[in-house]
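Take a look at the letters that make up each chain.
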Amino acid sequence: MMSIAQHPRVPSSDGEAILNALPNPVLLIAPDGRIVDANMAAESFFEMSKQFLQREPLKQLIPFGSPLLTLIDQVRDSGAPVNEFRVDLGTPRIGRDRQVDLHVAPLTERPAHIVVMIQERTIADKMDRQLTHRSAARSVTALAAMLAHEIKNPLSGIRGAAQLLEQGATPDDRMLTRLICDEADRIVTLVDRMEVFGDERPIRRDPVNIHAVLDHVKRLAQSGFARNVRFTVDYDPSLPPVLGDRDQLVQIFLNLVKNAAEAVSDLGEEGEIQFTTAFRPGLRLSLPGKKTRVSLPLEFCVKDNGPGVAEDLLPNLFDPFVTTKQTGSGLGLALVAKIVGDHGGIVECESQPRKTNFRILLPMFDSGPVHRQGDDAAAAGMPSRSARHPA
């Protein structure tokens, strides 16, 4: 950025490196509204290289009538910095829901030039919602314990009585007793699924190669419910292991892939599911009752090009019994949220038509010297660098 790069105490290369190390997008706006400079986070936010950003006036990249333009004029006139919170900069190009906090300040070294820093609220807001999801899961825990005792035992008696009646029933009546047995079995199955939420035992944590987990889930899906869906992967093979339970991690991604496969089922050969992994340093989560903040640098995504999730469902998508499926129970994503929470991570969903992304952030395994999954990948004959390729 010009302000630091031209500062006599900071060499140009160091100033650029410092700004590129910031996780928040930073822009330098000229008096005519053009973007003079931008850091790497800004390139990622607007999904454009700095060269392309410098060709466009800022007003072409943000929604029409955005408060950001007014803030820039205000700062230019007053010479004083201002902050504005919860501003929507969403566009069809970068996503429609991009809630941000804006920090706008004059650049004293260059008259009429304005520095804009953008801080996305989505991560912070979704962390808050994640804590709500965990509370919801705990409420289901108590409900599951009650259901197991109060419903399953009477149901076994009802089913047994129906089987006795079936022995002397007419063919027409036998259809009714069969219906009683089938419905009793269905309720027991539902209760059994809910009992999973009552398992409060500490999970067994071991270093797990997440790419081996994702490849295993992909093989399961391709041999069954997603045999007609195209899979692609974009892995970072240098990721360190995840600290967690392998079987539960398989369950997480299997649930997400099942949802994605159902979402793209009407697209035929155009249906696509993508796995991505990445290292995101700097993201730390403050947990209730703990003084230290937990680092969640490992990002794993399951993406699909289906029709997307209804906007009114997104805030409560991981709550129990929230579903859009005709025969769904609404417990799959709630279970995902519980398992991810048990692993000390968070899960979130970003969705728009033809672009739905379930993102999981987890802590990494760290015991002495850093163990990189690239070593495991090399030993297994996997590619040694990140590559997107069809499965």
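For the structure, check the block above.
Anyway, here's the lowdown on the structure attached to this text. (Residues numbered from 1 in each chain as written. Predicted model: local features only at pLDDT ≥ 70, side-chain atom pairs only at ≥ 80, totals over all residues. Heavy atoms only, no water.)

### Remarks on the overall build of the protein chain
Then, number 1: Scanning the protein chain from terminus to terminus reveals 12 helices and 15 strands.
Then, number 2: Taking all 391 residues of the protein chain together, the buried fraction comes to 42%.
Then, number 3: Here the contacts in the protein chain between residues at least 6 apart in sequence split such that 66% fall between residues at least 24 apart.
Then, number 4: Only carbon and sulfur atoms are counted for the fraction: they give 54% of the accessible area of the protein chain, which is about 20,800 Å². (Helix = DSSP H or I, 4+ residues; strand = E, 2+ residues; numbered from the N terminus. Buried < 20%, exposed > 50% of the residue type's maximum accessible area, 1.4 Å probe, protein only. Contact = heavy atoms within 4.5 Å. Areas by Shrake-Rupley, 256 points an atom, 1.4 Å probe, with all protein chains shown as cover.)

### Points about the pairing of strand 14 (residues 355-362)
Then, number 1: The element strand 14 is extensively covered by neighbouring structure, given that seven of its eight residues are classed as buried.
Then, number 2: Strand direction decides the pairing type here: strand 12 (residues 298-304) and strand 14, joined by seven bridges, are antiparallel. Looking at the pairing, aspartate 304 lines up with threonine 356 of strand 14.
Then, number 3: One ladder, built from seven bridges, connects strand 13 (residues 346-352) with strand 14; its direction is antiparallel. Counterpart to isoleucine 346 in the pairing with strand 14 is leucine 361. (Pairing = 2+ DSSP bridges.)

### Some words on the sheet that holds strand 2 (residues 35-38)
Then, number 1: Taken in spatial order, the five strands line up as 2-1-5-4-3 in an open sheet, and their pairing is antiparallel. Of all strands in the sheet, those with a lone pairing partner are strand 2 and strand 3 (82-88), marking the two edges. Going across the sheet, the axis of each strand differs from the next one's by a mean of 25°, ignoring polarity.
Then, number 2: Across seven bridges, strand 4 (residues 99-106) lies against strand 5 (residues 114-120) in antiparallel orientation. Note on strand 5: the bridge partner recorded for proline 106 is isoleucine 114. (Axes fitted to C-alpha atoms, helices over the stretch in contact; angles between N-to-C directions.)

### What to know about the packing of aromatic side chains
Then, number 1: Tallied over the full model, the rule gives three aromatic pairs.
Then, number 2: A ring pair is formed by phenylalanine 253 and phenylalanine 300, whose centres lie 6.4 Å apart and whose planes are at 70°; its orientation type is edge-to-face. With phenylalanine 253 in helix 10 (residues 246-263) and phenylalanine 300 in strand 12, this residue pair connects regions lying 47 residues apart in the sequence.
Then, number 3: Sitting over the face of the ring of phenylalanine 52, arginine 55 holds its NZ or CZ atom 4.6 Å from the ring centroid. (Phe/Tyr/Trp six-rings, centres within 6.5 Å; stacked < 30°, edge-to-face > 60°. Lys NZ or Arg CZ within 6 Å of the ring centre and 35° of its normal.)

### Notes on helix 10
Then, number 1: Between its first and last C-alpha atoms helix 10 spans 26 Å; for 18 residues at 1.5 Å apiece the expected length is 26 Å, and the two agree.
Then, number 2: Buried within helix 10 we find Leu249, Val250, Ile252, Phe253, Leu254, Asn255, Leu256, Val257, Asn259, Ala260 and Ala261.
Then, number 3: The residue sitting at the N-terminus of helix 10 and contributing the capping side-chain oxygen is aspartate 245; that oxygen lies 3.0 Å from the backbone nitrogen of aspartate 247. (Expected span 1.5 Å × (residues − 1). Polar contact = N/O pair within 3.5 Å; in protein donor to acceptor, adjacent residues only side chain to side chain.)

### Topic: unusual backbone geometry
Then, number 1: Although it is not a glycine, alanine 112 sits at a positive phi angle of roughly 70°.
Then, number 2: For alanine 112, a relative accessible area of 34% corresponds to the partly exposed category.

### Topic: the packing of helix 9 (residues 210-222) against helix 10
Then, number 1: Viewed as axis vectors pointing N to C, helix 9 and helix 10 meet at an angle of 50°, and their least axial separation amounts to 9 Å. With respect to helix 10, the axis of helix 9 lies oblique. Of the two possible hands of crossing, helix 9 and helix 10 adopt the one that is right-handed. Residue-level inspection shows Ile210, Ala212, Val213, Leu214, His216, Val217, Leu220 and Ala221 of helix 9 in contact with helix 10, the latter providing Arg246, Leu249, Val250, Phe253, Leu254 and Val257.
Then, number 2: Looking at the contact of helix 9 with helix 10 residue by residue, the class counts come to 12 nonpolar, one polar and one charged. (Parallel < 35°, antiparallel > 145°, perpendicular 65-115°, else oblique. Left-handed = near helix turned anticlockwise from the far one by under 90°. Nonpolar A, V, L, I, M, F, W, Y, C, P; charged D, E, K, R; others polar.)

### Observations concerning the pattern of salt bridges
Then, number 1: Overall, the coordinates contain 13 salt bridges when judged by the stated rule.
Then, number 2: Aspartate 32 is paired through a salt bridge with arginine 34; the nearest N and O atoms lie 2.8 Å apart.
Then, number 3: Among the residues examined, arginine 34 registers a relative accessible area of 39% and is labelled partly exposed.
Then, number 4: Ionic contacts of the salt-bridge type, sharing partners, join the residues Glu299, Glu348, Glu350 and Arg359 into one network. (Salt bridge = Lys/Arg side-chain N within 4 Å of Asp/Glu carboxyl O.)

Note that all results are geometric; they support no functional claim without further evidence.
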